[in-house]
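# Report on the structure
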Amino acid sequence: MTRIRQRFAERRQEGNAAFVAFVTAGDPSLDRTEEIALELDRAGVDVLELGVPFSDPLADGPVIQRASERALRSGTSLAGVLELVRRIRRRSEVPLLLFSYMNPLFRYGIERVATEASDAGADGVLVTDLPPEEADGWLGAARRADLDTIFLAAPTSPDARLQRVASSSRGFVYAVSRTGVTGEQGVLSLDASPLVCRLKKMTQVPVAIGFGISTPEQVAAAAAVADGVVVGSALVRFIEEHPGGDVGGQVRWLKSAI
Amino acid sequence: MGDDGVKNIGVLHGTMTYLLQDEAGNVLPTHSVSAGLDYPAVGPEHAWLHDHGRVRYECVGDQEALAAFHLLAETEGIIPALESAHAVAWVVREAASLRDKRILLNLSGRGDKDLGILG
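Rules used in this analysis
Residues numbered from 1 in each chain as written. Chains lettered and ligands numbered in written order. Predicted model: local features only at pLDDT ≥ 70, side-chain atom pairs only at ≥ 80, totals over all residues. Heavy atoms only, no water. Buried < 20%, exposed > 50% of the residue type's maximum accessible area, 1.4 Å probe, protein only. Helix = DSSP H or I, 4+ residues; strand = E, 2+ residues; numbered from the N terminus. Arc of directions from axis to C-beta. Contact = heavy atoms within 4.5 Å. Phe/Tyr/Trp six-rings, centres within 6.5 Å; stacked < 30°, edge-to-face > 60°. Pairing = 2+ DSSP bridges.

## Section: helix H12 (residues 247-254) of chain A
Residues and elements named next belong to chain A.
- Where H12 is concerned, the buried positions are Val 247, Gly 248, Val 251 and Leu 254. All buried residues of H12 project into a common sector of 120° when viewed along the axis, lining one side.
- Where H12 is buried, its residues contact strand E1 (18-24), helix H2 (30-42), helix H10 (216-225), strand E9 (228-231) and helix H11 (233-241).

Written out as structure tokens, the structure is:
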């Protein structure tokens, strides 16, 4: 039982949705991300997603693209992110999920990254641009290392594909609220709710909604239909504008309407 | 993939192929005077043909391609796309050694679109 599964189970028992926060590791520095991680834990984040910066973040909108560029400029690599996980784990039991594109993992070595991430204290990995149809090798490595594997489900996916996404996911399934890239938007897309319902008919694995959630009202709306809510760009933008700011306060504000 | 580049294999835009990348798997910047060739990876069909030894791939630089572009325009009245001008440049370079052979050049596109770049 990973920390991610444990935490979702606890929240479900209380009748609450889990709050999942995304930040880009190394933005503005790995030292600052370590502090942010601890602040987020204290603010009641249930799962922390650490983004591994990549030169071509094709699923991300401008906010996370800029964060990725800042993190790369500060010298952040996958090896540095694994060391960050180790440092956070010495000081916190917050469930940790690495959020990466495939190529940095592939370059590092699939078996090696699974083993080292697990040893460092990570609980799962989400590989943004790895479809489950291509994931056999990765799933084997992740299962052997007891890492949860989270896959993205899109509102445009037909049932057969959702089945595949759901059956490959451990920890939770990430329901993408809309088509397109990550980023804030004014109104939470109405696409999200039917997708969550379809997924929940197929799997016992918790379903979290993400992409475009940036206000307490949107968090509450997502929490009403899903087991978890993911907020990324809104926090990353706050860190961009206030690199030393009270990011924990942002989380308390976002959670205030649940 | 082939032995000549395990280190150079990567995943970008949904494809595993030969990729220009650094040690951490970040994609390196590229340059070509031809927009269609200004890409850090190789199409997966070409990677496969290369690995199976069916096709030999050669390099042509900007200056050689531009010279070939002008040569074809001035001698034949045909304006090749800058992408295709790379193939013309290779034929010019290798013509002497292919004297008794038949050469089939695939002029895959027209260069009207590139005149803005050249002007």
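## Focus on the packing of aromatic side chains
Residue and element names in this part refer to chain A.
- Counting across every chain of the model gives 5 aromatic pairs over all chains.
- Taking the centre distance of 5.2 Å and the plane angle of 35° together, the rings of Phe 8 and Phe 172 count as tilted. With a gap of 164 residues between them, Phe 8 in helix H1 (residues 3-14) and Phe 172 in the loop between helix H8 (159-168) and strand E7 (173-176) connect regions that are remote in the sequence.
- On the accessibility criterion, Phe 8 (4% relative accessible area) is buried.
- Taking the relative accessible area as the measure of exposure, Phe 172 reaches 0% and is therefore buried.
- Between Phe 22 and Phe 99, the aromatic rings sit 5.1 Å apart at their centres with planes inclined by 75°, giving edge-to-face as the arrangement. Of this pair, Phe 22 sits in strand E1 while Phe 99 sits in strand E3 (residues 96-100), and the two are 77 residues apart along the sequence.

## So, the pairing of strand E1 (residues 9-12) of chain B
All names here are of chain B.
- What you see with E1 is no split at all: Ile 9 and Val 11 on one side and Gly 10 and Leu 12 on the other are buried throughout.
- With 4 bridges joining them, E1 and strand E2 (residues 15-18) adopt antiparallel strand pairing. Each bridged residue has a counterpart across the sheet, and for Ile 9 the counterpart in E2 is Tyr 18.
- What sits between E1 and E2 in their antiparallel hairpin is a turn of 2 residues, with His 13 showing a positive phi close to 55°.

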